[in-house]
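One letter stands for each residue in the lines below.
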Amino acid sequence: MNETLDKSNLNFRERVSEFVAGFGLPRLIIAAFLLLLFIAAPFVGADFWTQISNTINRFSWNAVMVLAMVPMIHSGCGLNFGLPLGIISGLLGATLSIELGFTGPMSFVMAIVIATPFAVILGAGYGWLLNKIKGGEMMIATYVGFSSVSFMCMMWLLLPYKSPTMVWGLAGKGLRTTISLEGFYDKVLAKILQIHIGNLSIPTGTLLFFALLAFGMWAFLHSKTGTAMTAVGSNPTFARAAGVNVDKMRLLSVILSTWLAAIGILVYEQGFGFVQLYMAPFYMALPAVSAILIGGATVNKATIPNVIIGTFLFQGIVTMTPTVMNSMIHMDMSEVIRVVVSQGMILYALTRKTEATK
Amino acid sequence: MKNNGNGKKVLNFLGNNSVPILFILICIVCIPVSGFSPSYLINEIVTRMGRNIFLILCLLIPIMAGMGLNFGMTLGAMAAELALILVSDWQIWGIPGVVLAMILSIPFSILLGALCGKILNMAKGREMITSYIISFFMNGVYQLIVLYMMGPIIPIKHTTVKLPRGYGIRNSVDLFHMRQCLDNLMAVRIGGVKVPVLTFLLIGLLCLFIIWFRKTKLGQDMRAVGQDMDVARDAGINVERTRIISIVMSTVLAGFGMVIYLQNMGNIATYSSHSQIGMFCIAALLVGGASVDKASIGNVFLGVILFHTMFIVAPKAGAIITGDSMIGEYFRVFVSYAVITIALIMYETKKRKARSRAGQQLQLAQQEEEAAANE
Amino acid sequence: MSKSRRLVIRICAVLVLVLIAACMMVIGRGHTVYFDNKTLEYDGNTYEAPYKITVIVKDENVAKLYVKERGQATNIGQNFTVSLRVMEEKNGDETTETYSFKLPYSMDGVVVNLPGLMAGLPEEAWISEFVSMIPEPATAEDEEVPSADEFEMDMGDEF
């Protein structure tokens, strides 16, 4: 009995040191920084539980979009800088669902339903393209995202939307830049089983929804197709020799990633309360990319815990720095810190020698 | 038979120059629709040529060294802005101000460029995405300096430059006393079109420099590195150093270019002037028919003319065709991004084809060798 | 090329650049010069302002100053030459005189009292620093600090 305990203890210690080694220095620094912020928060007059709630809230908004990174990293397509493409599908789903007259929770379900075919079609095209240009995925993904966003800018103006809640009041055509979701799916997930204790509020529904998707992703990665996908990412030559259709696996991963991005933006919108169109999706890929990297993922390896840790750390810093820094030194340096931390993290990941050889 | 060969030639020509041809078509359609007078158009294009060509030329050097499109040219733009902010706070006016800003931007550019080159050396094979992220990262650092350090640490005296809160730089810094001083000196009017001769002289000098530089030892080294890094290394070229030098040169030139650009604009948008400049310059270069691994001075000139003609006429033409002025605005943004996307895709597919061809050749050679050995 | 020679060339290049920069800082310093046609009291003496002074800088009439009026001109560098066409009485004769003097490097705005200048007094009598009377309006718009992540996509005619 004692022996087994010892053994498990040893195992635990080993696992801790392994964890630290795998965690990496930049992550450790960021985690320590966040911890410091949490400790400092009460001293500078910020309410601890409000801060925690804010962090958890923002976590729940963004986690799905970060999860969207996982499939493409697994199949060796690199970081999905083309996330805006999926976001566009989500936006199409959201606007069409409202246009077709759905309200309340139903509009959210319908938004997902409508977004899905768009995500599959766009994702398939995108995946096909990425298969043509293996090795240069990330740069092209970035610009595919940009092109699609700027293309949709024209479309939002030209498409014949009619719903008065969405179009410009005066012209009667062309979608507004922000559309309020009140009466549609504003906080529709967050309200499910929401917990309020004092200043602490937890959007249980959104978290559960994320947990469901994350579990689905986990299960998928452990299925036969999922392992084949991982094999494609870690060693394409070996995978091909084992009879796996590399291009098909990559295509599947891109579609999956695009679809998750579409769901991700819908979840984000229900938390945020607004649909943001036009240039808004432009730089949405970068926070998601840096979040998963902060969580311990690399350019070709990512797990579900990476997603959870990364989103929590990133969103924690994003929510905490403005309040804490502001009251500490009376300078709002949060923007600068956010940019330096997130972009620095991406740079770090891109320049790691081990990943540079594919 | 001969006809067929000619047809193929034409097809090849069209294929190789598809982007410029497409742009010529867009311009041909949009110019009459927009209804701008030719003299207005020519005036605008000449102004924009003077403003932008220098900046775009700086992209040629990293392409020579095989490092792709230097999205990190933004760093040079930041260096120039830092220099200009200081110069306008010191109240140095006119041409001396421009010269001083250029000189002052050199140390900043060298520092940033060397850093960028070092990082890019760690990320070989993915230079473009890395340089792109570097520009974002450095934008954060730039904000840290401009928004928080200018004032308390770097002395800034004038309230026309400084934010009223006592530190940080205003959203827009007026360069009134430097405005177009370079363009106006020696400016010549030809039939109502103002030609900034001095600016064009500077551009001409840079062109000559680039032509000369290609022939120097360092230029040859760079091309060798661009062709094949391993071969270059075997030939005794210090690959890492050559790559860093190419990025530093590009950054320094971008700094000069940005000074020229901003003296023409007449004010600095402190937090946004640099953010888009890289994208537009790269788009213009690609419109001129350049690719990721090959670009000439001719591409730069053609690109600027075509891209900016599109840029000027698109909003008006869009407004007339669709009845909404924003459509044209979005259209030209979309076109800029689409051009870059297409160029990147063409480059990667070409690279992949070349790689598989090389692989096949290697296989063939091996088979032959084996056959020879068997005999 | 030997290493030491290369080093020497490099140092020389840097020195030349620094020298040019220093020159530029001296010759490029911009000043705004304000001219006051105002009676000056100095050392117990009173120097009356004439009826009208026309200020000419670089062959250009920059101002016509009656009593108690102020005009301005800009100048790059410290050497400043100004021609004054003075009319002592209304409809009287005009006399033109040219004055050259040095502007102090540290002053952005230099106020020159013309009667003092014309009387040939020492410089500190008629040169003073211009201090803006209008306080900078601290508008909310100026305080607005741009965000970093959401770049503004103002690509209109800016480019």
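Keep in mind that this is a model prediction, so the values were computed, not measured. (Residues numbered from 1 in each chain as written. Chains lettered and ligands numbered in written order. Predicted model: local features only at pLDDT ≥ 70, side-chain atom pairs only at ≥ 80, totals over all residues.)

Visitor: Explanation requested: the overall build of chain C in the structure shown.
Guide: When you go through chain C residue by residue, the secondary structure sums to four helices and 10 strands. The N-to-C order of helical and strand elements in chain C reads α-β-β-β-β-β-β-β-β-β-α-α-β-α. Within chain C, the fraction of its 159 residues that count as buried is 20%. In chain C, of all internal contacts separated by at least 6 residues, the share reaching a separation of at least 24 is 57%. (Helix = DSSP H or I, 4+ residues; strand = E, 2+ residues; numbered from the N terminus. Buried ≥ 20, exposed ≤ 12 C-beta atoms within 10 Å, placed from the backbone. Contact = placed C-beta atoms within 7 Å.)

Visitor: What's the story with the overall build of chain A in this structure? I'm lost.
Guide: Counting secondary structure elements, chain A contains 15 helices and four strands. For 358 residues, the compact-globule estimate of 2.2 N^0.38 gives 21 Å, and chain A sits close to it at 21 Å. In terms of its C-alpha atoms, chain A occupies a principal-axis envelope of roughly 75 × 60 × 40 Å. Considering chain A as a whole, with its 358 residues, one finds that 52% of them fall into the buried category. Considering only contacts in chain A between residues 6 or more positions apart, those separated by 24 or more positions represent 74%. (Rg over C-alpha atoms; globule rule 2.2 N^0.38 Å.)

Visitor: What is the right way to read helix H13 (residues 304-329) of chain A from this model?
Guide: Two residues of an α-helix separated by three or four positions point the same way, owing to the 3.6 residues in each turn. The end-to-end C-alpha distance of H13 of chain A, which contains 26 residues, comes to 36 Å, matching closely the 38 Å that a straight helix rising 1.5 Å per residue would cover. Thr 321 of chain A marks the point of greatest bend in H13 of chain A, at about 40 degrees, and the proline Pro 322 of chain A comes within the next four residues. (Expected span 1.5 Å × (residues − 1). Bend = angle between axes of the 7 residues up to and from the residue.)

Visitor: When you look at the sheet that holds strand E9 (residues 109-113) of chain C in this model, what are you seeing that I'm missing?
Guide: Each strand in a sheet pairs with its neighbour through backbone hydrogen bonds, running either in the same direction (parallel) or in the opposite one (antiparallel). Residues and elements named next belong to chain C. Pairing in this open sheet of four strands is mixed, and the strands run E6-E1-E9-E10 from one edge to the other. Each having just a single partner strand, strand E6 (69-76) and strand E10 (127-129) make up the two edges of the open sheet. Between one strand and the next, the sheet's axes are offset by a mean angle of 25 degrees, whatever the strand orientation. Bridge count between E9 and E10: three bridges; the pairing is antiparallel. Among the inter-strand pairings, Val 111 is bridged to a residue of E10, identified as Ser 128. (Pairing = 2+ DSSP bridges. Axes fitted to C-alpha atoms, helices over the stretch in contact; angles between N-to-C directions.)

Visitor: Help me understand the environment of Ser 257 of chain A in this model?
Guide: Residue and element names in this part refer to chain A. With respect to the element layout, Ser 257 can be found in helix H11 (residues 246-272). Placed 213 residues apart in sequence, Ser 257 and Val 44 show a C-alpha to C-alpha distance of 41 Å. Excluding its chain neighbours within four sequence positions, the residues that come into contact with Ser 257 are Ala 68, Pro 71, Met 72, Asn 80 and Gly 86.

Visitor: What am I meant to see in the interface of chain B and chain A here?
Guide: Frequently, the measure chosen for interface size is the accessible area that the parts lose on association. With 37 residues of chain B in contact, the opposing surface of chain A contributes 33 residues. Counting only elements with at least two residues in the side of chain B that touches chain A, the list comes to helix H6 (94-122), helix H7 (127-149) and helix H15 (325-374) of chain B. In the side of chain B that touches chain A, the residues fall into 25 nonpolar, seven polar and five charged. (Nonpolar A, V, L, I, M, F, W, Y, C, P; charged D, E, K, R; others polar.)

Visitor: Any chance you could explain the environment of Asp 89 of chain B here in plain terms?
Guide: All names here are of chain B. Considering the arrangement of structural elements, one finds Asp 89 in helix H5 (residues 73-89). With 19 C-beta atoms counted inside 10 Å, the residue Asp 89 sits in the partly exposed group. It is 9.0 Å that separates the C-alpha atoms of Asp 89 and Thr 159, two residues lying 70 residues apart in sequence. Among all residues touching Asp 89, those that are not within four sequence positions of it are Ile 156, Lys 157, His 158 and Val 161.

Visitor: How should the sheet that holds strand E8 (residues 94-102) of chain C be read in this particular structure?
Guide: Residues and elements named next belong to chain C. A sheet is described by the order of its strands in space; here four strands give the open sequence E5-E4-E7-E8, paired in antiparallel fashion. Across the chains shown, the open sheet's two edge strands, defined by having one partner strand only, are strand E5 (60-66) and E8. Going across the sheet, the axis of each strand differs from the next one's by a mean of 25 degrees, ignoring polarity. When strand E7 (residues 79-87) meets E8, the two strands line up antiparallel, connected through nine bridges.

Visitor: Explain the pairing of strand E1 (residues 30-37) of chain C here, please?
Guide: Looking along a regular strand, one sees the side chains alternate between the two faces of the sheet. All names here are of chain C. Taken across its eight residues, E1 has six buried, putting it largely inside the fold. Note that E1 and E6 share eight bridges and pair antiparallel. Of the residues in E6, the one forming a bridge with Val 33 is Ala 73. The pairing of E1 with E9 spans five bridges and is parallel. In the strand pairing of E9, Phe 35 is matched with Val 112.

Visitor: How should I be thinking about the nonpolar core in this particular structure?
Guide: When a protein is soluble and globular, its nonpolar side chains tend to lie buried together. Grouped together as the largest cluster of nonpolar side chains are 250 residues, with contacts concentrated most on Met 69 of chain A together with Leu 59 and Met 310 of chain B. By residue number, the principal contributor to this core is H11 of chain A, which donates 16 residues. Counting 15 residues, the second-largest nonpolar core is a separate cluster that includes Leu 40, Tyr 47, Val 110 and Val 112 of chain C. (Core = buried A, V, L, I, M, F, W, Y, C linked by C-beta atoms within 7 Å.)

Visitor: Looking at this structure, how should I read the packing of helix H3 (residues 38-57) of chain B against helix H12 (residues 239-265) of chain B?
Guide: Relative orientation and spacing of two packed helices are given, respectively, by the angle between their axes and the distance between those axes. Residue and element names in this part refer to chain B. Between H3 and H12, whose axes approach to 8 Å, the crossing angle comes to 170 degrees. By the angle between their axes, H3 is roughly antiparallel relative to H12. Across the interface between the two elements, Gly 50, Arg 51, Asn 52, Phe 54, Leu 55 and Leu 57 of H3 pack against Leu 253, Ala 254, Phe 256, Gly 257, Met 258, Ile 260, Tyr 261 and Asn 264 of H12. Across the contact of H3 with H12, the residue classes tally to nine nonpolar, four polar and one charged. (Parallel < 35°, antiparallel > 145°, perpendicular 65-115°, else oblique.)

Visitor: Would you explain the pairing of strand E4 (residues 52-57) of chain C in this entry?
Guide: Residue and element names in this part refer to chain C. In this sheet, E5 lies alongside E4 in antiparallel orientation, the contact comprising six bridges. Bridge pairing in E5 places Val 55 opposite Ala 63. Here E4 hands over to E5 after two residues, with Lys 58 in that stretch at a positive phi of 50 degrees. Here five bridges tie E4 to E7, and the two strands are oriented antiparallel to one another. Bridge assignment links Lys 52 to a residue of E7, and that residue is Met 87.

Visitor: Please explain helix H8 (residues 204-221) of chain A as it appears in this structure.
Guide: Counted at 1.5 Å a residue, the expected span for H8 of chain A with its 18 residues is 26 Å, and the 25 Å between its end C-alpha atoms agrees. Buried residues along H8 of chain A sit against helix H3 (48-67), helix H4 (69-74), H11 and H13 of chain A.

Visitor: What am I meant to see in unusual backbone geometry here?
Guide: All names here are of chain C. One non-glycine residue, Lys 58, adopts positive backbone phi at about 50 degrees. By secondary structure assignment, the location of Lys 58 is in the loop between E4 and E5. With 10 C-beta atoms counted inside 10 Å, the residue Lys 58 sits in the exposed group. Its identity is not glycine, yet Lys 68 carries a phi of approximately 65 degrees, on the positive side. For Lys 68, the location among the structural elements is in the loop between E5 and E6. The exposure class of Lys 68 is exposed, given the 10 C-beta atoms found within 10 Å.

Visitor: What exactly am I supposed to notice about the packing of H6 of chain B against H7 of chain B here?
Guide: All names here are of chain B. Contact geometry of H6 with H7 gives a least axis separation of 10 Å together with a crossing angle of 140 degrees. Between H6 and H7, the crossing angle belongs to the class labelled oblique. Taken as a pair, H6 and H7 cross one another with a handedness that is right-handed. Side by side, H6 and H7 meet where Leu 112, Cys 116, Ile 119 and Leu 120 of the first sit next to Glu 127, Thr 130, Ser 131, Ile 134 and Met 138 of the second. Tallied by class, the residues present in the contact of H6 with H7 amount to six nonpolar, two polar and one charged. (Left-handed = near helix turned anticlockwise from the far one by under 90°.)

Visitor: Can you help me understand the confidence of the model for chain C in this one?
Guide: Detailed reading of the predicted coordinates is not advisable wherever pLDDT is low. All names here are of chain C. Per-residue confidence for chain C gives a mean pLDDT of 78; residues scoring 70 or more make up 82%. The spread of mean pLDDT over the elements of chain C runs between helix H4 (residues 140-143), the lowest at 41, and helix H1 (residues 3-27), the highest at 91. This model gives residues 137-159 a pLDDT under 50, and the stretch forms 34 contacts once residues within four places in sequence are excluded. If you check the scores for this complex, the pTM reads 0.85 and the ipTM reads 0.81. (pLDDT = per-residue confidence, 0-100.)

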